[in-house]
Amino acid sequence: LGEKKIRNVKRGLKRVLKQKIEVLFEDEHLGILNKPSGIPVNGNTFKTLENTLPYNLKFSKEKDALHIMRPLHRLDGPTSGLILIAKTERAQVVMGQQFENKTIRKRYKAVIVGKLERKEGKINSPVDHKKSISEYEVIKEFKSQKYGDLTLVNLYPITGRTHQLRIHMSSLGHPIVGDKLYSNNVEELNGKGLFLCSDKVWFDHP
């Protein structure tokens, strides 16, 4: 896009949220941002990750550049970590197909309450009456004065239901630390947030 057109695009946006977000990768087609906890990806509010995109990413110079850059997926508001951003129409279409075909793989890290009996496994239980599958593996176990035992785990969602990882870990009796919705009445850590972060993603560049 030319500089004049970029200025017009920016003026055409409702408002740009001038909040600095860590950019982990950027080229003419994609951006990857590290979303902090506490900010939704998009929605009917001004303070969203989507509204920060013109402040943190450069508009693409490709012929099919999007006038408004688009997040390609979502994370819960309390969850932090990687968000893929489309900057061109091709990236939006091709990456959308990869998500639909489930060829994109994501990894999350979480701290859960207690110790898991098995060091790795698969959880296959419905979420909102829909088929839902998650995989987990134990990284480290450690003692806690507050909880007795805590475990650091890698989590891999095979399906993508809302709150899936949080619900699945809670269903095992090991909720994620800081989870207000699925804590099974386990005492929370005040002001520390949800200990769940998307830290790795595998995909084919469009």
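Cut-offs and rules
Residues numbered from 1 in each chain as written. Predicted model: local features only at pLDDT ≥ 70, side-chain atom pairs only at ≥ 80, totals over all residues. Heavy atoms only, no water. Helix = DSSP H or I, 4+ residues; strand = E, 2+ residues; numbered from the N terminus. Buried < 20%, exposed > 50% of the residue type's maximum accessible area, 1.4 Å probe, protein only. Contact = heavy atoms within 4.5 Å. Salt bridge = Lys/Arg side-chain N within 4 Å of Asp/Glu carboxyl O. Core = buried A, V, L, I, M, F, W, Y, C linked by side-chain atoms within 4.5 Å. Expected span 1.5 Å × (residues − 1).

**Q** Residues and numbers for the side chain of Lys87, please.
**A** Mapped onto the elements of the fold, Lys87 is located in strand S4 (residues 80-88). Judged by relative accessible area, Lys87 falls into the buried class, the value being 2%. Not counting the four nearest positions on each side in its chain, Lys87 is found in contact with Glu26, Asp27, Glu28, His29, Leu30, Gly31, Lys58, Phe59, Ser60, Ala65, Leu66 and Met69.

**Q** Got a sec to walk through the environment of Gly114? Specific residues and values, please.
**A** Residue placement: Gly114 occurs in the loop between strand S5 (105-113) and strand S6 (120-124). Sequence-wise, Gly114 and Lys146 are 32 residues apart; in three dimensions their C-alpha atoms are separated by 11 Å. The residues touching Gly114, leaving out its near neighbours within four places in the chain, are Asp149, Leu150, Thr151 and His174.

**Q** Account for the pattern of salt bridges, with residues named and values stated.
**A** With the rule as written, the count across this model stands at 10 salt bridges. Lys143 is the partner of Asp149 in a salt bridge, and the nearest nitrogen-oxygen pair spans 2.9 Å. For Asp149, a relative accessible area of 18% translates into the label buried. Classification of Lys143 by relative accessible area gives exposed; the value is 65%. Its salt-bridge partner being Arg166, residue Asp179 comes within 2.8 Å of it at the nearest N-O pair. With Asp179 in the loop between helix H4 (164-171) and strand S9 (196-202) and Arg166 in helix H4, this pair connects stretches of sequence that are 13 residues apart. Of the residues examined, Asp179 reaches a relative accessible area of 1% and is grouped as buried. Looking at Arg166, the relative accessible area reads 5%, which means it is buried. What emerges from the salt-bridge pattern is a single network uniting Asp76, Arg166 and Asp179.

**Q** I'd like to hear about the nonpolar core, residue by residue, with values.
**A** Core analysis: the largest hydrophobic core is formed by 24 residues, its most contacted members being Leu33, Ile85, Leu155, Met169, Ile176 and Leu196. Counting residues per element, the ones that place at least two in this core are S4, S5, strand S8 (148-157) and H4. Per-element tally for this core: the top contributor is S5, with 3 residues. Residues Leu30, Leu66, Leu72 and Val201 belong to the second largest nonpolar core, which totals 11 residues.

**Q** A description of helix H3 (residues 89-100) should follow, citing residues and the corresponding values.
**A** Taking 1.5 Å of rise per residue, 12 residues should cover 16 Å, and H3 covers 16 Å from first to last C-alpha, within 8% of that figure. Elements that come into contact with the buried residues of H3 comprise strand S2 (30-35) and S4. Within two residues after H3, Lys102 carries a phi angle of roughly 60°, on the positive side.

**Q** Outline unusual backbone geometry, supporting the account with residue identities and numerical values.
**A** Of note, Lys102 is a non-glycine position whose phi angle comes to about 60°, a positive value. On the secondary structure map, Lys102 appears in the loop between H3 and S5. Residue Lys102 is classed as exposed on the basis of its relative accessible area of 56%.

**Q** How would you sum up the environment of Gly148? Please name residues and give values.
**A** Tracing the chain through its elements places Gly148 in strand S8. By relative accessible area, Gly148 is classed as partly exposed at 31%. A sequence separation of 53 residues divides Gly148 from Val201, and the C-alpha atoms of the two residues are 32 Å apart.

**Q** Can you tell me about H4, naming the residues and giving the values?
**A** The element H4 is largely enclosed, with a buried count of 6 among its 8 residues. Within the span of H4, buried status applies to Gln164, Leu165, Arg166, His168, Met169 and Ser170. Those residues of H4 that are buried lie in contact with S5, S6, strand S7 (133-144), S8 and S9. Positive backbone phi, at 85°, marks Gly173, one or two positions downstream of H4.

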